[in-house]
Amino acid sequence: MEPTPFAKTRDNKDTESFPSSSNHLALPQLLPPRGRFRRYFAYRFFGVYQRLFLAVLLINVFYAHHIVTMKRRSKYSPLLVDITTAVSANMLVAILIRQDYILNSLFWLCWSAPPTTPLWIRISLARVYEFGGLHSSTTLCSALWFCFLFAILTVEFMTFRIADPLIILCAFFILAILWLMIITACPLFRSRKHNVFENIHRYGGWTILGLFWILLHLFTRALTHQAGPQSPGAVLTELPAFWLLLACCFHVVLPWVRFRRLWIQPERLGVGVHAVRLHLNEKIENCVVYRISDSPLTEWHSFACIPNHYGEGGSLIVSNAGDWTRRTINRPEKVYYTRGIPTVGVLCMAQIFRKVVIVTTGSGIGPCLGAMMNIPSTKCRVLWSASSPKRTFGNEIWDKVQDVDSQAVVIDTHIQGHKDLVAMAYALYTEEEAEAIFCVSNKKLTRSMVYELESRGIPTFGPIWDS
């Protein structure tokens, strides 16, 4: 395949920089000094993500206590029905919370809060992006419920109450795949082997749904033989798990219904293998993220888009961050694929604040521009650190940054070196009397900034890398 021709690269000879309106201040202690352990404990164990996780876990524990202690005529049959219901209900919630239209609806509800809403409420609403706590907790609860189900089925089989070994075999494979998905989703493995994690999640999830259908069929057949056709669970369509599993399959297929091609016009940014800007030819909404792929069955990558102000179309910036991005920069395809509908992300919540500080590094300016250019009611102060930013990202990106914030603080790391962005972000925050800070950067800097500022009482938001 011939390489896709690049759009004409703009002249980037001008090396002017934006004025900096903040001094290099040391980060002060805004609150009484707290011990390192106490700050870490409060941030790591009482965040929104962790509270959602704990809430789901407690609901499942309460339900488990209820179904185990309730009086029954039959010892196992209704209990097995209730357990399959719990497994499939948790699976459905785990799938739904990753659905494009549900996420967009949640964000829309949160950013619809009027600016007169008390600040503490708006800060709480802005944390809607930590919904991943629901996904991880319901997935774990599904696995725990299935362990319970497998244990009972094994006892039933060992005591010859269930004669079909296929039930045990099917349940074993489901349980093994569930735990494999959970183990590979752990941050340490996921960050090192992301493609492996993604493929196990995709194909493992599809396999579990298929095996679950087989298990439900075998399960109802066994109950019919064991307790008669009138026993609870003997009719497949009367099982709550049947309808919950049907909903799971529908929502797994739904994003693929909008599987389509994206025609791309690449524009090389800078010199060498650093970044490329991909121009899209379809209408792009404000503050949205596209998932694109050149191999739809193996890997997908998410990028925030910069919509064009004139007509349809927009662009996204791909920077060198791995094998796939490096290949895309060197040899961009003419066509990429996308599925589902574009989703919104953490930066779209900046619009519920009157004044914010946006901190970003490198190509993170792309998603930041996609948000800042379309929230005129929010004043945005920009702190951008990059190597030779104008030479690397071009005049158009440079001019758009200046349009958003004519006093943007831009650090050329090639000339000035790396600065203490946490201290500089705080300086801008206090100088402008801003209401919040948003950070879009690499994982290390984002987590460091959110932790250092949040633990001192400053509302700070940034991606959490939970998917």
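Here the structure is a predicted model, which means the values were calculated and not measured.

**Notes on a nonpolar patch on the surface**
Phase 1 of the analysis: On the surface, a cluster of nonpolar side chains totalling about 390 Å² of accessible area is made up of L166, L169, F172 and F173.
Phase 2 of the analysis: When its relative accessible area of 42% is taken as the criterion, F173 is described as partly exposed.

**A few points about the confidence of the model for the protein**
Phase 1 of the analysis: The pLDDT averaged across the protein works out to 83; a share of 85% of its residues lies at or above 70.
Phase 2 of the analysis: When the elements of the protein are averaged for pLDDT, helix α1 (residues 36-45) gives the smallest value, 67, and helix α10 (residues 240-257) the largest, 94.
Phase 3 of the analysis: This model gives residues 1-32 a pLDDT under 50, and the stretch forms 74 contacts once residues within four places in sequence are excluded.

**Some thoughts on the nonpolar core**
Phase 1 of the analysis: Counting residues in each nonpolar core, the largest one holds 61 residues, and the members touching the most others are I292, M349, F353, W384, F438 and F461.
Phase 2 of the analysis: The leading source of residues in this core is helix α12 (residues 365-372), at 5 residues.
Phase 3 of the analysis: Within the second largest apolar cluster, 46 residues are counted, among which are L149, I162, I177 and L216.

**Comments concerning helix α13 (residues 389-404)**
Phase 1 of the analysis: Here α13 spans only 16 Å end to end across 16 residues, well under the 22 Å set by a 1.5 Å rise per residue.
Phase 2 of the analysis: The largest bend in α13 is about 95 degrees, located at N395.
Phase 3 of the analysis: Residues of α13 that are buried include every one of P389, K390, T392, F393, G394, I397, W398, K400 and V401, and no others.

**Some points on the packing of aromatic side chains**
Phase 1 of the analysis: Summed over all chains, the structure comprises 19 aromatic pairs.
Phase 2 of the analysis: Taking 5.5 Å as the distance between ring centres and 55 degrees as the angle between the ring planes, the aromatic pair formed by W384 and F393 counts as tilted.
Phase 3 of the analysis: The buried category is assigned to F393, whose relative accessible area is 2%.
Phase 4 of the analysis: Among the aromatic residues, those joined into a ring-pair cluster are Y203, W206, W256, F259, W300 and Y337.
Phase 5 of the analysis: Here the basic side chain of R190 rests over the ring of F197, its NZ or CZ set 5.7 Å away from the ring centre.
Phase 6 of the analysis: We note R339 situated over the ring of W300; from NZ or CZ to the ring centre the distance is 4.7 Å.

**Quick look at the sheet that holds strand β12 (residues 460-461)**
The strands making up a sheet associate through backbone hydrogen bonding, with each pair oriented either parallel or antiparallel.
Phase 1 of the analysis: Spatially, β10-β9-β8-β11-β12 is the arrangement adopted by the 5 strands of the open sheet, whose pairing is parallel. The open sheet terminates on both sides in strands that have one partner only, identified here as β10 (409-412) and β12.
Phase 2 of the analysis: Pairing of strand β9 (residues 379-386) with β10 involves 4 bridges; the strand directions are parallel. Residue pairing across strands places W384 opposite V410, the latter belonging to β10.

**A word on the packing of helix α6 (residues 132-158) against helix α7 (residues 165-184)**
Phase 1 of the analysis: Two numbers describe how α6 lies on α7: the axes approach to 10 Å, and their chain directions differ by 155 degrees. In terms of orientation, α6 and α7 fall into the roughly antiparallel class. Read as a crossing pair, α6 and α7 show a hand that is left-handed. Contacts from T139, L140, S142, A143, L144, F146, C147, F150, L153, T154 and F157 in α6 reach P165, I167, I168, A171, F172, I174, L175, L178, W179 and I182 in α7.

**Remarks on the packing of α12 against α13**
Phase 1 of the analysis: For the pair α12 and α13, interaxial distance at closest approach is 11 Å and the crossing angle is 45 degrees. Between α12 and α13, the interaxial angle falls into the category oblique. The interaxial crossing formed by α12 with α13 has left-handed handedness. Residues I365, L369 and M372 of α12 form the contact with α13, whose own contacting residues are I397, K400, V401 and V404.
Phase 2 of the analysis: For the contact of α12 with α13, the per-class residue count stands at 6 nonpolar, no polar and 1 charged.

Definitions and limits used
Residue positions are given per chain, counted from 1 along the sequence in the order it is written. Thresholds applied to this predicted model are a pLDDT of at least 70 for local features of residues and 80 or more for the giving and counting of side-chain atom pairs; totals over whole chains, interfaces and linings are not thresholded and use all residues. Side-chain measures were taken over the full set of non-hydrogen atoms in the model, leaving aside hydrogen atoms and water. Patch building starts from residues that exceed 30% relative accessible area and form no salt bridge, then joins like charges within 9 Å and nonpolar side chains (Val, Leu, Ile, Met, Phe, Trp, Tyr) within 5 Å. The method behind every accessible area is Shrake-Rupley, applied with a 1.4 Å probe, and residues are considered shielded solely by the protein chains displayed. We define a salt bridge as a side-chain nitrogen of Lys or Arg found within 4 Å of a carboxyl oxygen belonging to Asp or Glu. Exposure is judged per residue with a 1.4 Å probe applied to protein chains only, and the accessible area is read against the type maximum: over 50% gives exposed, under 20% gives buried, and values in between give partly exposed. Each residue carries a pLDDT score, the predictor's confidence in it, ranging from 0 to 100. Numbering of helices and strands starts at the N terminus; helices are DSSP runs of H or I of at least 4 residues and strands are runs of E of at least 2. For this analysis, residues touch if any pair of their heavy atoms sits within 4.5 Å. Residues belong to a common nonpolar core when they are buried Ala, Val, Leu, Ile, Met, Phe, Trp, Tyr or Cys residues joined through side-chain atoms within 4.5 Å. For a helix, the expected span equals 1.5 Å multiplied by the number of residues minus one. The bend reported for a residue corresponds to the angle between axes fitted to the seven residues ending at that residue and the seven starting there. Stacked, tilted and edge-to-face are the three classes assigned to paired rings of Phe, Tyr and Trp, where Trp is represented by its six-membered ring and a pair needs centres within 6.5 Å; plane angles under 30 degrees give stacked, over 60 edge-to-face, the rest tilted. To sit over a ring, a charge needs its Lys NZ or Arg CZ within 6 Å of the ring centre and within 35 degrees of the ring normal. Paired strands, in this sense, are two strands between which DSSP finds at least two bridges. Angles run from 0 to 180 degrees between N-to-C directions of axes, and those axes are lines fitted to C-alpha atoms, restricted for helices to the stretch in contact. An angle below 35 degrees is treated as roughly parallel, one above 145 as roughly antiparallel, one from 65 to 115 as roughly perpendicular, and anything else as oblique. Crossings are sorted by hand: turned counterclockwise from the far helix by less than a right angle, the near helix makes the crossing left-handed, and turned clockwise it makes it right-handed. For this classification, the nonpolar set comprises Ala, Val, Leu, Ile, Met, Phe, Trp, Tyr, Cys and Pro, the charged set comprises Asp, Glu, Lys and Arg, and every other residue, Gly included, is treated as polar.

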